[in-house]
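Residue-level structure breakdown
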Amino acid sequence: MIATTIKHFGRVDLLVNNAGICGSQLFEDATLDDFDHYWRVHLGGPVNTVKAAWPYMVAQHYGKIILTTSVAGLLGIRGQATYAAAKCAVVGLMRILAIEGAEHGILVNTISPAGYTRMHPAAVADPAWLKQSEATMPVEAVAPAIVWLASDGCSETNRIYNVEAGAIQRIAIVMGPGFNDPHLTPESIAENYAKVESIEGFFEPGPFEPGQIPATAKS
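Residues numbered from 1 in each chain as written. Predicted model: local features only at pLDDT ≥ 70, side-chain atom pairs only at ≥ 80, totals over all residues. Heavy atoms only, no water.

**Digging into the packing of helix α2 (residues 32-42) against helix α3 (residues 44-60)**
Viewed as axis vectors pointing N to C, α2 and α3 meet at an angle of 30°, and their least axial separation amounts to 3 Å. Classified by the angle their axes make, α2 and α3 are roughly parallel. Between α2, through Trp39, Arg40, Val41 and His42, and α3, the contact on the second element is made entirely by Gly44, Gly45 and Pro46. Residue classes in the contact of α2 with α3 are distributed as three nonpolar, three polar and one charged. (Axes fitted to C-alpha atoms, helices over the stretch in contact; angles between N-to-C directions. Helix = DSSP H or I, 4+ residues; strand = E, 2+ residues; numbered from the N terminus. Parallel < 35°, antiparallel > 145°, perpendicular 65-115°, else oblique. Contact = heavy atoms within 4.5 Å. Nonpolar A, V, L, I, M, F, W, Y, C, P; charged D, E, K, R; others polar.)

And the structure:
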C-alpha cells in the first residue's frame, strides 16, 4: 500500500491506521491464541504500516500518523479483554512514535472513535442498544476529527481524542499530588491513602528520557 502511494505520488504525508476486528468473550474463556489474534491486527497492523511509511516521512521531514484506540481499553468494557489489551497497546506505540518522530517533523496522535459499524453486533448483543447506536453514532461524525488532525492547521502530537456523535474531547493520563514519604511503608500508605487516592490539583506528566527519573508525587 505504501509502495503504491510512493509510486503514484512520490511521497506519503498521512497514514491513518483504522483496521480492526471485534468480538466478545470473558477473560476466562479467552486463549493465548485469541490474544495473539487481536494483537496481530490492532497492534501488528499499525506497526507494519508505520514501518513502511516511516523512512519516507523521515526523509521528507514531514508526516502525520493517526492511530486508533478504544474506550474498551482506556476505560474498560466487560467481555473485551483481548480487544482492550490490543487497543491500549496502540497508545503505548503512539507515545514512542511521537517522541522519536518529533525530530523528524512527524506528528502522531490517536483517536478513540465511537461510530456504528458492522463490528458492533459482534461486540454487543443488546438489540435496543445497537439500534440506538446506529441512529446516534454515524461514522460520518468521526471523519471531521481525522480531517482536522491531518490538516496543516493541526500541530498537535502525542494526544488521545475521544470522538463520538459530533463531540471531540482530549483524553489524558494525569497524576494527583499524592503522598510523599522518603521512608515510605505499607502502614504510611494506608494511613495516608486519602492523599494517594486524590487527584485534586492533578498534573499531566510528559515523556522522559532514558535514565531520567519519571514524574513522581509532589511534596
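Additional details are given in the paragraphs that follow.
**Some points on the nonpolar core**
Core analysis: the biggest nonpolar cluster contains 19 residues, and Leu15, Ile65, Leu67, Leu97 and Val108 have the highest contact counts within it. At six residues, the largest contribution of residues to this core is made by helix α5 (residues 81-102). For Leu15, the contacting residues outside a window of four places in its chain are Met1, Ile2, Thr49, Val50, Ala53, Met57, Lys64, Ile65 and Ile66. (Core = buried A, V, L, I, M, F, W, Y, C linked by side-chain atoms within 4.5 Å. Buried < 20%, exposed > 50% of the residue type's maximum accessible area, 1.4 Å probe, protein only.)

**Quick notes on helix α8 (residues 143-150)**
By the burial criterion, the buried members of α8 are Ala145, Ile146 and Leu149. Axial view of α8: buried residues confined to an arc of 100°, hence all on one face. α8 presents Pro144 and Val147 as exposed residues on the side facing more than 90 degrees away from its buried surface. As for α8, its buried residues are in contact with β1 (14-16), β2 (63-68), β3 (106-114), β4 (160-164) and β5 (167-171). (Arc of directions from axis to C-beta.)

**Considering a nonpolar patch on the surface**
Among the surface-exposed residues, Leu184, Ile189, Tyr193 and Val196 lie close enough to one another that they form a single nonpolar patch of about 340 Å² accessible area. In this fold, Leu184 is placed in the loop between β5 and α9 (186-191). Note on Leu184: relative accessible area 47%, which makes it partly exposed. (Patch = residues over 30% accessible without salt bridge, like charges linked within 9 Å, V, L, I, M, F, W, Y side chains within 5 Å. Areas by Shrake-Rupley, 256 points an atom, 1.4 Å probe, with all protein chains shown as cover. Salt bridge = Lys/Arg side-chain N within 4 Å of Asp/Glu carboxyl O.)

**Thoughts on the packing of aromatic side chains**
As enumerated under the stated definition, the model contains three aromatic pairs in all. Seen from their ring centres, Phe35 and Trp39 are 5.7 Å apart, and the 45° between their planes marks the pair as tilted. In this pair, Phe35 and Trp39 both sit in helix α2, four residues apart, roughly one turn of the helix. When the ring of Trp148 is compared with that of Tyr161, the centres are 5.7 Å apart and the planes differ by 85°; the resulting orientation is edge-to-face. In this pair, Trp148 sits in helix α8 while Tyr161 sits in strand β4, placing the two residues 13 residues apart along the sequence. (Phe/Tyr/Trp six-rings, centres within 6.5 Å; stacked < 30°, edge-to-face > 60°.)

**Quick word on the confidence of the model for the protein**
Residues of the protein with pLDDT of at least 70 account for 87%, and the chain-wide mean is 89. Summarising per-element confidence for the protein, the mean pLDDT is lowest in helix α6 (residues 120-123) (65) and highest in β2 (98). (pLDDT = per-residue confidence, 0-100.)

**Concerning the pattern of salt bridges**
Following the criterion strictly, the structure yields four salt bridges and no others. When the shortest N-O distance is used, the salt bridge between Glu156 and Arg159 registers 3.6 Å. The partly exposed category is assigned to Glu156, whose relative accessible area is 29%. Note that Glu204 is salt-bridged to Arg170, the shortest N-O span being 3.0 Å. Here the residue Glu204 occupies a position in the segment after α10 (193-197), and Arg170 occupies one in strand β5, the gap between them amounting to 34 residues.

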